[in-house]
Amino acid sequence: MGIRTGQEYLDSIKVRNKVEIYVMGKEVKDVTTNPFLKPAVLAFKATFDSAWDEDTKDLARVWSPFINEEVNRFNHIHRSPEDLAAKVKLLRKISHKVGACFQRCVGYDALNTLYIITELMAQHGKTEPKEKFIEYLKTVQKKDLALAGAMTDAKGVRTLKPHEQPNKNAYVRITEVTKDGIYVSGAKANITGVAAAEEIVALPTRAMGPEDQDYAVSFSIPTDTEGIKIIVGRQLNDARRLEGGEIDALPYFYNHEGLVIFDNVFVPMERVFLMRDWQYTSQLVEIFSAYHRQGYGGCKAGLGDVIIGATYNLAKQIGVEKASHVQDKINEEIFLTETMYAAGIAASLNGIEVCPGCWWVNPMQANVTKHLVTRFPSQIAQLAIDIAGGILGTAPSEWDLKNPKIKELLAKYLQGVEGYTAEDRIRMIRLLENVALGVAFQIESVHGAGSPAAQRIMFSRLYNLSYAEEVAKRLAGMKSNVKFTKKVEPWKESETEKLAKESEKNTVTASGGK
Ligand code: SF4
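A.B. asks: Could you give an account of the nonpolar core, naming the residues involved and the relevant values?
C.D. replies: Counting residues in each nonpolar core, the largest one holds 50 residues, and the members touching the most others are Phe74, Phe102, Ile307 and Leu432. Those elements giving two or more residues to this core turn out to be α4 (81–98), α5 (105–123), α7 (281–317), α8 (324–349), α9 (363–388), α10 (391–394), α12 (407–414) and α13 (422–436). With eight residues, the top contributor of residues to this core is α9. If we skip the residues at most four places from it in the chain, Leu432 touches Ile307, Ala310, Leu314, Ala384, Ala388, Leu392 and Leu437. Counting 42 residues, the second-largest nonpolar core is a separate cluster that includes Val106, Ala110, Leu114 and Cys355.

In structure tokens, the structure reads:
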């Protein structure tokens, strides 16, 4: 099957019997019709539609050598730098269609992370995880499954390691191992798109030591499994989705995040990819976070485009689009948006083949991409607020527009330039409000794929400060040990590259140096 339609996806998540999903304290049985979750389901569905829409299908369909069929790119393993760039481009395009986070990329990045890490484990002599993962990958690709990646644990006391926590389940852990599988308990927090996904792929959230081995676990599990409870979080303006209107909650696509509780959940052994393999956790976290940080260069640039369009239209509605300060602010929005995108594309085209067929993003540039995204969306939103005017915070509701006693008055006093109506103004104001100030553009941009400090740690790990210092000392006429090589950038190897090099050495030694 390889590629499903959006409708086929909707049909597959309609009936759930075992998982418990809660929204605002009430259990939800059908996420496709629940007014709170439906907008998030429709945003997720857009990733399936992208494989059928004329303007995106060339980007969204890709050949899989694993099943010898075309698959949806969201379940694809990157085979080249061009593949990595296609991901960023597709994300930018889908943002134009939904104006929100469409949630499926976390599972996409989890698949690619497990592909690399199980390959590196195999090169270090542990072949079983790779064999299990490839079988799982084939199933995901054949059935075109909707995956949610689940990495962030509840974490409890942040200064304590997993095994030191007073709550032993603050990080998801293995509580029992049988010959058929493992039992896990604990909770994953802020899990994007989880109630709309068919499968959860769990990954460890941090580097771990031997004493944390029960927490070094990665597995996949159908969302509709006994013992899984999902508690969906609230977002700004979310109650507007329950009002039954058609303007105030524009664009009527949202993402959702959930707290996922695993209450003694059984995972069959064929779905367990890391079991107490603490030695690979630091590389796993590094690989996953870089993949997701690269992706932000696409989806957040796409949201930037929506905001630029809304800003420009609102300026036109009140006749100020040619004012030099307005043009200047829109140009600044364009610059900020294109810078995020350029960084994501650079991180892709400068990707690294860490093992044969394992294409990873450029770790430095992926971290730079995400760090730009922690800052630029709030600046873009600030410029949009400036141009839109105070009405962004004071506009009447669509219900006022529809009230026969006042609608004529609003039509008269909210209209600006002839050709645009009061309703046009309110529609664009609501779109701008919900996209520019919503969770996907503001909060997710800061904390998704790791908070700003996490990228700064990576800068200091990856940048070769000593080399730069020696370069400067030489130019200053001081004694310098600088050794120029063909390598241009003063970058150090990541943990993943080091592990991959060790594997190469092992292979060479094992084959007698051939
Ligand atoms: Fe995809 Fe962006 Fe949402 Fe992450 S934040 S899941 S990259 S759309």
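A.B. asks: With reference to specific residues and values, describe the site of the ligand.
C.D. replies: As a matter of local geometry, the ligand sits amid Leu91, Cys101, Phe102, Gln103, Cys105, Val106, His292, Tyr296, Cys299, Lys300 and Glu444. A total of four residues in the shell around the ligand trace back to one element, the largest contributor, which is α7. Its residues assigned to classes, the shell around the ligand shows seven nonpolar, two polar and two charged.

A.B. asks: Any chance you could break down the sheet that holds strand β7 (residues 181–192) for me, citing the residues and the numbers?
C.D. replies: A sheet is described by the order of its strands in space; here six strands give the open sequence β2-β1-β10-β11-β7-β6, paired in mixed fashion. Each edge of the open sheet is held by one strand with a lone partner, namely β2 (26–27) and β6 (173–177). Inspection of the sheet shows β7 paired to strand β11 (residues 257–268) by nine bridges, in the antiparallel sense. Among the inter-strand pairings, Ala187 is bridged to a residue of β11, identified as Ile261.

A.B. asks: Give a detailed account of the packing of aromatic side chains, specifying residues and quantitative values.
C.D. replies: Considering all chains together, one arrives at 10 aromatic pairs under this definition. Seen from their ring centres, Tyr9 and Phe48 are 4.6 Å apart, and the 10° between their planes marks the pair as stacked. Taken together, the residues Tyr9 in helix α1 (residues 6–13) and Phe48 in helix α2 (residues 38–49) connect sequence positions 39 residues apart. Exposure class is identical for Tyr9 and Phe48. Each is buried. When the ring of Phe133 is compared with that of Phe273, the centres are 5.6 Å apart and the planes differ by 85°; the resulting orientation is edge-to-face. In this pair, Phe133 is assigned in helix α6 (residues 128–143) and Phe273 in strand β12 (residues 272–275), connecting sequence segments 140 residues apart. Under the relative-accessibility criterion, Phe133 is labelled buried at 0%. With a relative accessible area of 1%, Phe273 lands in the buried category. The lysine or arginine in question, Arg104, covers the ring of Phe48, its NZ or CZ lying 3.9 Å from the ring centre.

A.B. asks: Tell me what's going on with the pairing of strand β4 (residues 69–72), and back it up with residues and numbers.
C.D. replies: Sheet topology note: the strand β3 (residues 61–64)/β4 ladder contains four bridges and is antiparallel. Residue pairing across strands places Ser64 opposite Glu69, the latter belonging to β4. Linking two consecutive strands that pair antiparallel, namely β3 and β4, is a turn of four residues; a positive phi of about 55° is found at Asn68 within it.

A.B. asks: Can you break down unusual backbone geometry residue by residue, with the values?
C.D. replies: The peptide bond linking Leu250 to Pro251 adopts the cis configuration, its omega dihedral lying at 10°. Mapped onto the fold, Pro251 is located in the loop between β10 (228–232) and β11. For Asn237, which is not a glycine, the phi torsion comes out positive at approximately 65°. One can find Asn237 in the loop between β10 and β11.

A.B. asks: Tell me about a nonpolar patch on the surface, residues and numbers included.
C.D. replies: Residues Leu236, Ile385 and Leu437 make up a contiguous nonpolar surface patch of about 230 Å² in total accessible area. Topologically, Leu437 is positioned in the loop between α13 and α14 (443–447).

A.B. asks: Provide a residue-level description of the sheet that holds strand β5 (residues 147–150), including the pertinent values.
C.D. replies: Pairing within the open sheet is mixed, and its four strands lie in the order β5-β8-β9-β12. Since the sheet does not close on itself, it has two edges, and those belong to β5 and β12, each with one partner. Averaged over all pairs of adjacent strands, the angle between their axes in this sheet comes to 20°, without regard to strand direction. In this structure, β5 lies alongside strand β8 (residues 199–202), joined through four bridges in parallel fashion. Following the sheet pairing, Gly149 is matched in β8 by Val201.

A.B. asks: Tell me about the pattern of salt bridges, and please be specific about residues and values.
C.D. replies: Summed over all chains, the structure comprises 38 salt bridges. Salt-bridge contacts for Arg61 lead to Glu70; the nearest nitrogen and oxygen are separated by 3.2 Å. Between Lys179 and Asp180 there is a salt bridge, and its shortest N-O distance comes to 3.5 Å. Through salt bridges that share partners, Glu246, Glu398, Lys402, Glu423 and Arg427 make up one connected network.

A.B. asks: Go over the side chain of Gln141, please, and point to the residues and values.
C.D. replies: Its location among the elements puts Gln141 in helix α6. A polar side-chain atom of Gln141 sits 2.6 Å from a polar atom in the side chain of Ser64. If we skip the residues at most four places from it in the chain, Gln141 touches Gly2, Ser64, Phe66, Ile67, Val71, Asn75, His76 and Ile77.

A.B. asks: Account for the packing of α12 against α13, with residues named and values stated.
C.D. replies: Contact pair α12 / α13: the axes reach a minimum separation of 8 Å and the direction vectors enclose 75°. With respect to α13, the element α12 is oriented roughly perpendicular. Side by side, α12 and α13 meet where Leu410, Ala411 and Leu414 of the first sit next to Ala422, Arg425 and Ile426 of the second. When grouped by side-chain class, the residues that make up the contact of α12 with α13 number five nonpolar, no polar and one charged.

A.B. asks: Any chance you could break down the confidence of the model for the chain for me, citing the residues and the numbers?
C.D. replies: Parts of the prediction with low pLDDT should not have their coordinates interpreted in detail. In the predicted model, the chain carries a mean pLDDT of 96, and the fraction of residues at 70 or more is 98%. A low-confidence stretch, residues 510–514 (pLDDT under 50), is modelled with two contacts involving residues beyond four sequence positions or located in other chains.

A.B. asks: Let's hear about the state of the cysteines: which residues, and what values?
C.D. replies: Within this structure, the stated rule accounts for one disulfide. What pairs with Cys355 in a disulfide is Cys358, and their sulfur atoms sit 2.1 Å apart. Since a negative S-S torsion denotes a left-handed disulfide, the Cys355-Cys358 link at about -95° is left-handed. Across the pair, exposure class does not vary: Cys355 and Cys358 are buried alike.

A.B. asks: How would you summarise the packing of α7 against α9 if you had to cite specific residues and measurements?
C.D. replies: When two helices pack together, their arrangement is given by the angle between their axes and by how far apart the axes lie. The N-to-C vectors of α7 and α9 enclose an angle of 15°; their axes lie 8 Å apart at closest approach. The angle between the axes of α7 and α9 places the two elements in the roughly parallel class. Every pair of crossing elements has a handedness; the one defined by α7 and α9 is left-handed. Listed contacts from α9 to Ala290, Arg293, Gln294, Tyr296, Gly297, Lys300, Ile307, Thr311, Leu314 and Ala315 of α7 are Pro363, Ala366, Asn367, Thr369, Lys370, Val373, Ile380, Ala384, Ile387 and Ala388. For the contact of α7 with α9, the residue count by class is 12 nonpolar, five polar and three charged.

Here is what the cut-offs are and how they apply
Residues numbered from 1 in each chain as written. Predicted model: local features only at pLDDT ≥ 70, side-chain atom pairs only at ≥ 80, totals over all residues. Heavy atoms only, no water. Core = buried A, V, L, I, M, F, W, Y, C linked by side-chain atoms within 4.5 Å. Buried < 20%, exposed > 50% of the residue type's maximum accessible area, 1.4 Å probe, protein only. Helix = DSSP H or I, 4+ residues; strand = E, 2+ residues; numbered from the N terminus. Contact = heavy atoms within 4.5 Å. Near = heavy atom within 4 Å. Nonpolar A, V, L, I, M, F, W, Y, C, P; charged D, E, K, R; others polar. Pairing = 2+ DSSP bridges. Phe/Tyr/Trp six-rings, centres within 6.5 Å; stacked < 30°, edge-to-face > 60°. Lys NZ or Arg CZ within 6 Å of the ring centre and 35° of its normal. Patch = residues over 30% accessible without salt bridge, like charges linked within 9 Å, V, L, I, M, F, W, Y side chains within 5 Å. Areas by Shrake-Rupley, 256 points an atom, 1.4 Å probe, with all protein chains shown as cover. Salt bridge = Lys/Arg side-chain N within 4 Å of Asp/Glu carboxyl O. Axes fitted to C-alpha atoms, helices over the stretch in contact; angles between N-to-C directions. Polar contact = N/O pair within 3.5 Å; in protein donor to acceptor, adjacent residues only side chain to side chain. Parallel < 35°, antiparallel > 145°, perpendicular 65-115°, else oblique. pLDDT = per-residue confidence, 0-100. Disulfide = S-S within 2.5 Å. Left-handed = near helix turned anticlockwise from the far one by under 90°.

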